[in-house]
Each structure stands twice: as C-alpha cells, then as structure tokens.
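# Chains, contacts and geometry: an overview
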Amino acid sequence: MLAPHRAWLAERAPQVGYSARILYQELVAERGYTGGYDTVKNAVRPLRTDATLAALTQRRFETGLGEQAQVDWGQVKVRFSEGLATVHVFVMTLGYSRRAYVEGYENDSMASLLAAHEHAFAHFGGRCAELLYDRMRTVVLGSEAGKPVWNTTFEAFARHWSFEARLCRPYRAQTKGK
C-alpha cells in the first residue's frame, strides 16, 4: 500500500524531521493512503537511520585558491537608542582560507544582496570562480525538471561578474561545509 508513495516519503521525511506521525497524517489527508501507521513507521525508520549515519560521516572537502566562496544571510537583534532592531547580516566565506566578509543591512533584498557582493569582491580584491548558496529567494525561484530557476536579476549579475552560482542540496544546508 505504501509503494506508490515511497518517492514522496523519501523527499518529505527530512522536511518533517522523519516524524512518522506527521507523514502518516499527511499521507491519509493529502495522498489517499489507507494503510496503517505502523507501516509508515517501519518505512521511515531506515530513512531516519540513513540520515543519522550521513550526518555522522560527513566528509570535509577542500577547495583551491580562488575556486569557491560560500554566501549566506543571517540575522541578529541589535539594541539601538530607538529600541531593538533586526539586522540582516551578509556573510561571504572564502573556501580556501576561510576568510570571511561580513556586512549588516536593513533587509535581505536584491539591492542589498548585490551591493554586499560587490563590497565583498572589493574587500577580497576579486571574486571566486564559483559561489555556493542556500536556496535564498533572491538567488533562485525554484526548480524545473531538477534544474534551478534562477532569479533573472541575480543571473544577470552572476554573468556580469563571471562567476558560476551553485546551490546546496535542498534541506541540507550542512552540505555547504564551511
């Protein structure tokens, strides 16, 4: 009974923390599954085990000089005289040396993202051949047939600066590695 849902189950399980209860409820409510909870629980167990082992056995990877940088946004709460504010923090980390460039912005908009890239390139004295991203909305809109659908403004920016944009595997931010 679960066979027609195996691919969905393998994709959805990491998104819900391998919760058999949530997966069972979604299968029944959204996919017409009529089997039992124990069947789902037994199917999820090896997926959870594999993910746990993969997390424990991640391999460090190294990149050459100028080969790759990794880019992400973070957020911090900062107290100003007017009160508490959220600052969006742009971080670009060079893969070879682990040197980082960090800059704060009011938001993580496209204008902020592009300005931050240019400031980082100026700081480092150039850009890497490849930049690695989480699936942030200013970079990628989604995927079609397994290929990323790039934000057109960002894609033009990458072409202008002659770097290749790459994405982490979905729901596996730890694959960035730096």
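For the structure itself, look to the data block above.
## Here's the deal with the overall build of the protein chain
A count of helices and strands for the protein chain gives five helices and seven strands. Moving toward the C terminus, one meets the helices and strands of the protein chain in the order α-α-α-β-β-β-α-β-β-β-α-β. With the C-alpha coordinates aligned to their principal axes, the bounding extent of the protein chain is approximately 60 × 45 × 35 Å. Counting the 178 residues in the protein chain, one finds 35% classified as buried. Nonlocal contacts in the protein chain, meaning residues at least 24 apart in sequence, comprise 52% of its contacts between residues at least 6 apart. For the protein chain, the exposed area adds up to about 10,800 Å²; of that, 52% sits on carbon and sulfur atoms. Of the side-chain charges in the protein chain, 23 are positive and 18 negative, and the distance between the mean point of each set is 7 Å.

## Observations concerning the sheet that holds strand β4 (residues 130-133)
The five strands are arranged β3-β2-β1-β4-β7 in an open sheet whose pairing can be described as mixed. Only two strands of the sheet have a single partner each, and these edge strands are β3 (100-105) and β7 (164-167). With strand direction ignored, the average angle separating the axes of adjacent strands in the sheet is 30°. For strand β1 (residues 68-80) and β4, the ladder comprises four bridges, and the chain directions are parallel. Looking at β4, one finds that Gln68 is bridged to Glu130. Taken strand by strand, helix α4 (residues 110-124) contacts β1, β2 (83-94), β3 and β4, and its axis lies near 145° from that of β3.

## Remarks on the packing of aromatic side chains
As enumerated under the stated definition, the model contains eleven aromatic pairs in all. Centroid distance Trp73 to Phe90: 5.7 Å. Interplanar angle 75°. Geometry classified as edge-to-face. A residue pair is termed long-range when its members are at least 10 positions apart, and Trp73 in strand β1 and Phe90 in strand β2 qualify at 17 residues. Both residues of the pair, Trp73 and Phe90, count as buried. Seen in terms of ring centroids, Phe121 and Phe163 are 6.1 Å apart; in terms of plane orientation they differ by 70°. Their pairing is edge-to-face. Taken together, the positions of Phe121 in helix α4 and Phe163 in the loop between α5 (152-161) and β7 put the pair 42 residues apart, joining distant regions of the chain. One exposure class covers both Phe121 and Phe163, and it is buried. Each member of the aromatic cluster is reached from another via a ring pair, and the members are Phe121, Tyr133, Trp150, Phe154, Phe157, Trp161 and Phe163. Against the face of Tyr37 rests Arg21, its NZ or CZ located 3.9 Å from the ring centre.

Conventions adopted
Numbering of residues starts from 1 in every chain and runs along the sequence as written. Per-residue local features are limited, in this predicted model, to residues with pLDDT of at least 70; the limit for side-chain atom pairs, both in listing and counting, is 80 or more; totals at the level of whole chains, interfaces and linings are taken over all residues. Computation of side-chain values: all heavy atoms of the structure, hydrogens and water removed. A run of DSSP states H or I qualifies as a helix once it reaches four residues; a run of E qualifies as a strand once it reaches two. Both are numbered from the N-terminal end. Categorising residues by exposure relies on relative accessible area from a 1.4 Å probe, with only protein chains included: less than 20% of the type maximum marks a residue as buried, more than 50% marks it as exposed, and the intermediate range marks it as partly exposed. Note on contacts: a residue pair is in contact if any heavy atoms of the two residues lie within 4.5 Å. Exposure was quantified through the Shrake-Rupley algorithm and a 1.4 Å probe, taking into account, for residues, occlusion by the shown protein chains and nothing else. Counted as positive: Lys and Arg. Counted as negative: Asp and Glu. His and the chain ends are not counted at all. Lysine's charge is taken at NZ, arginine's at CZ, aspartate's at CG and glutamate's at CD. Pairs of strands are assigned from DSSP output, requiring at least two bridges between the strands. In this analysis an axis means a line fitted to C-alpha atoms, helices contributing only their contacting stretch, and an angle means the value between N-to-C directions, from 0 to 180 degrees. In summary, the pairing rule links any two rings of Phe, Tyr or Trp, Trp by its six-membered ring, whose centres are within 6.5 Å, and it sorts them by plane angle into stacked for under 30 degrees, edge-to-face for over 60 and tilted for everything else. Criterion for a charge above a ring: Lys NZ or Arg CZ within 6 Å of the ring centre, and within 35 degrees of the ring normal.

Treat this as a map of the structure, not an account of what it does.
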